[in-house]
Amino acid sequence: MDNRGLSTVVEKVLSIGIVLLYVALLTTTLYGGAVPAYRSAVGAELGERTLAEATARIEQAVPPSGRSVNATYRVDLPATIEGVAYEIRTDGGALVLVHPEEGVGGRTRPVLSDRVTALSGTWHSGEETVVTVGGGNGTVTVRLEEA
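Residues numbered from 1 in each chain as written. Predicted model: local features only at pLDDT ≥ 70, side-chain atom pairs only at ≥ 80, totals over all residues. Heavy atoms only, no water.

(A) Spotlight on the sheet that holds strand β6 (residues 129-136). Spatial strand order, β1-β6-β7-β5-β2-β3-β4: seven strands in an open sheet with mixed pairing. On the outer flanks of this sheet lie β1 (68-75) and β4 (106-108), each paired with one strand and no other. Across the sheet, the axes of successive neighbouring strands diverge by a mean angle of 15 degrees, strand direction being ignored. Relative to strand β5 (residues 116-124), strand β2 (residues 87-91) runs antiparallel, the two being bridged by three bridges. Note on β5: the bridge partner recorded for E87 is H124. (Pairing = 2+ DSSP bridges. Helix = DSSP H or I, 4+ residues; strand = E, 2+ residues; numbered from the N terminus. Axes fitted to C-alpha atoms, helices over the stretch in contact; angles between N-to-C directions.)

(B) Local environment of unusual backbone geometry. You will see that E82, though not glycine, has its phi angle at about 60 degrees, which is positive. Position of E82 among the secondary structure elements: in the loop between β1 and β2. Even without glycine at this site, N137 takes up a positive phi of about 55 degrees. Assignment of secondary structure puts N137 in the loop between β6 and β7 (139-146). Given the relative accessible area of 79%, N137 is considered exposed. (Buried < 20%, exposed > 50% of the residue type's maximum accessible area, 1.4 Å probe, protein only.)

(C) Structural view of the environment of L144. Inspection of the secondary structure puts L144 in strand β7. A relative accessible area of 2% places L144 in the buried class. Taking the C-alpha atoms as reference points, L144 and V133, separated by 11 residues in sequence, lie 9.1 Å from one another. In contact with L144, other than residues within four places in its own chain, are I58, I88, T90, L95, S120, G121, T122, W123, V130 and V131. (Contact = heavy atoms within 4.5 Å.)

(D) A look at the side chain of H99. On the secondary structure map, H99 appears in the loop between β3 (94-98) and β4. Of the residues examined, H99 reaches a relative accessible area of 9% and is grouped as buried. From its side chain, H99 meets the backbone oxygen of I81 in a polar contact 2.7 Å long. Engagement of the side chain of H99 in a polar contact is seen with the backbone nitrogen of E101, the distance being 3.0 Å. (Polar contact = N/O pair within 3.5 Å; in protein donor to acceptor, adjacent residues only side chain to side chain.)

(E) Spotlight on the pattern of salt bridges. For the coordinates displayed, the defined rule picks out five salt bridges. Between R74 and D76 there is a salt bridge, and its shortest N-O distance comes to 3.3 Å. Its salt-bridge partner being R143, residue E145 comes within 3.6 Å of it at the nearest N-O pair. Residue classification places E145 among the partly exposed positions, given a relative accessible area of 30%. (Salt bridge = Lys/Arg side-chain N within 4 Å of Asp/Glu carboxyl O.)

Quick look at the structure:
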């Protein structure tokens, strides 16, 4: 009885099985732990940067002095963070980034002059956003709006 022809087939089947097992193990390890953790960290960092950029644009929009002001400035924000829509809204004198993911978000207070009497409004991601500054007689209001 001659089984030499079978040994080559068995070797190839075992080799393919070992390679498939390795790929399955590697895929499970990456998508089960490493990739989601990295994605969450990137999402949190992007949320912080977005909030910092929004704060900077609001601070830049308020002129240092003047009797009367009426201006609108465009603010570019990412359409999504971690592939999900978010919003930036005001809470008193602070900006709050609201995102469905627990690790993404934040709160910051823009440094504005004493002339600013009100900071209000909401920006929704994916929309064209602007900051509107208006006022006179020594008082200024700042509003977050969609264009």
